[in-house]
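# Notes for the structure review
Each chain, letter by letter, is given below.
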Amino acid sequence: MTLHLQAEAAGSAVAADLRTVFETGRTRPVQWRIDQLAAIERLCDEQEPAIAAALAEDLGRPAHEAWLGDIASTKGEAAYARKHLRKWMRRRRQPLPLAQRPGRGWVQYDPLGVVLIIGPWNYPVYLSLGPLVAAVAAGNCAVIKPSELAPATSALLARLVPQYLDGDAIRVVEGDAQTTQDLLAQGFDHALFTGGTEVGRKIMAAAAPTLTPVTLELGGKSPVIVTADADLDVTARRLAWVKLLNSGQTCIAPDYVLADSRIADELVSKVVKVIAEFRSAEPDPSLPIVNQRQFDRLVSLISSTTGTVVTGGNWDVDSLRIQPTVVVDPAPADPVMGEEIFGPILPVLRVDSVDAAIRFVNSRPKPLALYVFTGSQRRGREIIDVVPSGGAVINHIAMHCLVPQLPFGGVGASGMGAYHGRWGFEALSHRRAVLAKPAKPDPSLMYPPYTDRALRIMRKLM
């Protein structure tokens, strides 16, 4: 209750306050934007130990994963935007039809105004500051609402953002889910939310009364299709590596594997071996889960499966840790196949053919990501062309998220809208159409009363 009251006091009029700041024109100049982007880079460099410590406290994440998942990724987005911003901001001339000549037409990118960023707990720095890169590159004021489920990182962002960035134009408001609802009720020019599909629906509903446009980066069960000619050693390493990152608590983690039955057993054996190798240097091979609620949910998925647990399957209630677990051939109706796992559990299902895998994926809600491992790039492209998803990767997992030249977003139940790089700049800008006409010529035939001759000429011209 105290947390909510404090946040409400801090954020009760933040949208109106920032709108006043925006109207001064403070955030529009290119130099202001570049300065904020450079400051985000500097924050990542100078505060890496503090960020890693906060992530360790909130998520039990080791320092190297903190660097890869939250620090390097954030810095990379900011650096790319800073280097390309001037080009993105240029007016883009457009040709005019004969009827509109003489004149000039162009599209310019105007700031939206005040943007709300609602961050998640699993990558609480990257998925708060990454959207902020897009917001400030586009010249907006912004509010960051960090997740209360990562309290140490939330407090760190509240301290560091005004220390490094323009504290008049960029604010951090801490609080719980009610604080998010209170913020949305104030009305923003855009809201960007990263989180689960069910909460995404609530965000969209809360944004509707004020007609706040939303970008929703959600989740879903991102499948991995492995063909018979795939390099199984590479597949196993890349699959296990990304699945274990952040204890599997990653929105684009591989959720389940559809493996050609001819190679499925060999793939499973290699995945089990690789998991053991990756965890061999750790005193405890199990992985930390963020909180009791998530832990209980994951334990239930393991306990209720009809599949065969070939490695892992154990957990520790006192430490909220779960062993990396591979489940072979769970029933499609099992809970582990019905909801996004978001933890260190990997179901592997045998399929008779690639076509069967395609039918399986397409019978379910559209995923945030699709991964295809195959010895044929052509076959990989054929598969991704017939399986809708937010993004897709051939012969790797999740790496598209680290490429600022590519848009990142979902489709259907996995989200709406996209950002990163230029795509984020455009998502948080208004693409404004401008037509500039001279006063002369000003032909009288354009004005009433119209003669038959004037109408004939107008029909030909227009």
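Residues numbered from 1 in each chain as written. Predicted model: local features only at pLDDT ≥ 70, side-chain atom pairs only at ≥ 80, totals over all residues. Heavy atoms only, no water.

### Things to note about the environment of Lys-87
Mapped onto the elements of the fold, Lys-87 is located in helix α5 (residues 63-89). For Lys-87, a relative accessible area of 42% translates into the label partly exposed. Along the primary structure Lys-87 and Arg-422 are separated by 335 residues, whereas in three dimensions their C-alpha atoms are 9.8 Å apart. Residues contacting Lys-87, with those up to four places away along its chain left out, are Arg-92 and Arg-422. (Helix = DSSP H or I, 4+ residues; strand = E, 2+ residues; numbered from the N terminus. Buried < 20%, exposed > 50% of the residue type's maximum accessible area, 1.4 Å probe, protein only. Contact = heavy atoms within 4.5 Å.)

### Structural notes on the UniProt feature "active site" (unreviewed entry) in the protein chain
Following the UniProt record, the feature "active site" (unreviewed entry) maps to Glu-217 and Cys-251 here. These annotated residues cover 35 residues of sequence, and their C-alpha atoms lie no more than 8.9 Å from one another, placing them together at a single site. For the largest cavity, the lining residues drawn from the annotated set are Cys-251. Inspection of the secondary structure assignment puts Glu-217 in strand β7 (residues 214-217). Apart from residues no more than four positions distant in its own chain, Glu-217 is found in contact with Phe-193, Thr-194, Gly-195, Phe-408, Gly-409, Gly-410, Ser-414, Gly-417, Ala-418 and Tyr-419. Secondary-structure assignment places Cys-251 in the loop between α10 (232-244) and β9 (256-260). Owing to a relative accessible area of 14%, Cys-251 belongs among the buried residues under this scheme. (UniProt positions renumbered as here; feature names shortened; annotations may be inferred. 1 Å grid on protein atoms, 1.4 Å probe; cavity = no way out; pocket = protein on both sides within 12 Å on 5 of 7 lines; lining within 4 Å.)

### Points about the side chain of Thr-27
With respect to the helices, strands and loops of the structure, Thr-27 is situated in the loop between α2 (14-23) and α3 (30-46). Each residue touching Thr-27, except ones within four places of it in the same chain, is listed here: Phe-22, Trp-32, Arg-33, Gly-139, Asn-140, Cys-141 and Ala-169.

### Some words on the sheet that holds strand β21 (residues 429-436)
On the basis of which strands lie adjacent, the open sheet formed by 3 strands has the order β1-β2-β21 and antiparallel pairing. Across the chains shown, the open sheet's two edge strands, defined by having one partner strand only, are β1 (92-94) and β21. On average, adjacent strands in this sheet sit at an angle of 30 degrees to one another, irrespective of strand direction. Direction of pairing for strand β2 (residues 104-111) relative to β21: antiparallel, over a ladder of 8 bridges. In the sheet register, Trp-106 faces β21, and the bridge partner there is Val-434. (Pairing = 2+ DSSP bridges. Axes fitted to C-alpha atoms, helices over the stretch in contact; angles between N-to-C directions.)

### Brief notes about the environment of Pro-365
Within the secondary structure, Pro-365 sits in the loop between α13 (354-362) and β16 (369-373). Residue Pro-365 is classed as exposed on the basis of its relative accessible area of 64%. As for Pro-365 and Ser-389, which are separated by 24 residues in sequence, their C-alpha atoms are 9.2 Å apart.

### So, the packing of aromatic side chains
Evaluated as defined, the whole model comprises 5 aromatic pairs. Ring geometry for Trp-121 and Phe-342: centres 5.5 Å apart, planes at 85 degrees, overall edge-to-face. In this pair, Trp-121 is assigned in the loop between β3 (114-118) and α6 (126-137) and Phe-342 in the loop between β14 (325-328) and β15 (345-351), connecting sequence segments 221 residues apart. You'll find Trp-121 and Phe-342 in the same group, each marked buried. What links up through ring pairs into an aromatic cluster is the set Tyr-80, Trp-88, Tyr-109 and Phe-425. (Phe/Tyr/Trp six-rings, centres within 6.5 Å; stacked < 30°, edge-to-face > 60°.)

### Brief notes about the layout of surface pockets
Volume-wise, the largest pocket comes out at about 1300 Å³. Along the wall of the largest pocket there are 48 residues; nearest its centre are Gly-195, Gly-196, Thr-197, Glu-198 and Val-199. Breaking the lining of the largest pocket down by element, the ones donating at least two residues are α8 (177-186), β6 (190-194), α9 (197-207) and α12 (292-304). The element best represented in the lining of the largest pocket is α9, accounting for 6 residues. Its residues assigned to classes, the lining of the largest pocket shows 20 nonpolar, 14 polar and 14 charged. (Points joined across faces, edges and corners; volume = space filled by probe spheres on them. Nonpolar A, V, L, I, M, F, W, Y, C, P; charged D, E, K, R; others polar.)

### Points about the packing of helix α4 (residues 48-59) against α5
It is the contact of α4 with α5, at a shortest axis distance of 9 Å, that shows an interaxial angle of 105 degrees. What the angle tells us is that α4 and α5 run roughly perpendicular. Across from Glu-48, Ile-51, Ala-52 and Leu-55 in α4, the residues of α5 making contact are Ala-63, Ala-66, Trp-67, Asp-70 and Ile-71. Here the contact of α4 with α5 is built from residues that sort into 7 nonpolar, no polar and 2 charged. (Parallel < 35°, antiparallel > 145°, perpendicular 65-115°, else oblique.)

### Side note on the confidence of the model for the protein chain
Close inspection of predicted coordinates is inappropriate in any region flagged by low pLDDT. Taken as a whole, the protein chain shows an average pLDDT of 95; of its residues, 97% reach a score of 70 or greater. Of the regions scoring below 50 in pLDDT, residues 1-10 engages in 10 contacts with residues more than four places distant in sequence or in other chains. (pLDDT = per-residue confidence, 0-100.)

### Some remarks on the pattern of salt bridges
Counted under the stated rule, the structure contains 21 salt bridges. For the salt bridge of Arg-432 with Asp-110, the shortest nitrogen-to-oxygen distance reads 3.0 Å. Linking Arg-432 in strand β21 with Asp-110 in strand β2, this pair joins segments that are 322 residues apart in sequence. Overall, Asp-110 belongs to the buried group, its relative accessible area being 11%. Three or more residues are tied together by salt bridges with common partners; here these are Arg-26, Asp-166 and Asp-168. (Salt bridge = Lys/Arg side-chain N within 4 Å of Asp/Glu carboxyl O.)

### Some details on the pairing of β14
Look at any regular strand and the pattern is simple: side chains alternate between the two faces of the sheet. Burial along β14 is two-sided: the residues Thr-325 and Val-327 and Val-326 and Val-328 are all buried. Sheet topology note: the strand β11 (residues 308-311)/β14 ladder contains 3 bridges and is antiparallel. For Val-309, the partnering residue across the bridge sits in β14 and is Val-327. Strand direction decides the pairing type here: β14 and β15, joined by 4 bridges, are parallel. Looking at β15, one finds that Val-328 is bridged to Val-348.

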